[in-house]
Amino acid sequence: VGYLVQEAGIRFPGAIDLSGLQFSDIPNGYAAFEAISYAGKLQMFLAVGALEVLVMRDFVGGEFPGDLRNGYFDLGWDTFDEETKLRKRAVELNQGRAAMM
């Protein structure tokens, strides 16, 4: 979806770095990595790494396989009844299958 949004010409306003490179000057697709500086790529890598290590940790002892709640992000899953939980898991599984097609 992000690629389609960029192809439609929708971009963030302003500059992506201190040198003045505008978001609108960044090309679409893989060519965008060529336009971003090494420091910008490093910053993205470190941000994703910090999320993986600090927030999205592998959590053992969940209620079901794929239960990655770790105390940082909870949208009230425990307030749903069992039927609603089963339905929501089935919807999520089907969305994952559709995304793979």
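Placed above this text is the structure.
This write-up is about the structure you can find in this document.

Conventions used here
- Residues numbered from 1 in each chain as written.
- Predicted model: local features only at pLDDT ≥ 70, side-chain atom pairs only at ≥ 80, totals over all residues.
- Heavy atoms only, no water.
- Salt bridge = Lys/Arg side-chain N within 4 Å of Asp/Glu carboxyl O.
- Helix = DSSP H or I, 4+ residues; strand = E, 2+ residues; numbered from the N terminus.
- 1 Å grid on protein atoms, 1.4 Å probe; cavity = no way out; pocket = protein on both sides within 12 Å on 5 of 7 lines; lining within 4 Å.
- Points joined across faces, edges and corners; volume = space filled by probe spheres on them.
- Nonpolar A, V, L, I, M, F, W, Y, C, P; charged D, E, K, R; others polar.
- Phe/Tyr/Trp six-rings, centres within 6.5 Å; stacked < 30°, edge-to-face > 60°.
- Buried < 20%, exposed > 50% of the residue type's maximum accessible area, 1.4 Å probe, protein only.
- Lys NZ or Arg CZ within 6 Å of the ring centre and 35° of its normal.

## A few points about the pattern of salt bridges
With the rule as written, the count across this model stands at one salt bridge. The closest approach of N and O atoms between Lys85 and Glu82, which form a salt bridge, is 3.7 Å. Of this pair, Lys85 and Glu82 are both found in helix H4 (residues 82-100), three residues apart, which corresponds to roughly one turn of the helix.

## As for the layout of surface pockets
Quantified by volume, the second largest pocket comes out at close to 430 Å³. Surrounding the second largest pocket, 19 residues form its lining, Ile16, Phe23, Ile26, Ile36 and Met44 being those nearest its centre. Looking at the lining of the second largest pocket, the elements that each hand over two or more residues are helix H1 (2-7), helix H2 (31-35) and helix H3 (38-55). Across the lining of the second largest pocket, the residue classes tally to 12 nonpolar, five polar and two charged.

## As for the packing of aromatic side chains
Applying the stated rule across the entire model yields one aromatic pair. Residues Phe12 and Phe23 carry aromatic rings whose centres are separated by 5.5 Å and whose planes lie at 65° to one another, so their mutual orientation is edge-to-face. Placement of the pair is Phe12 in the loop between H1 and H2 and Phe23 in the loop between H1 and H2, with a sequence separation of 11 residues. Overall, the relative accessible area of 23% leaves Phe23 in the partly exposed class. Here Lys88 stacks its cationic end above the ring of Phe80, 4.9 Å away from the centre of that ring.

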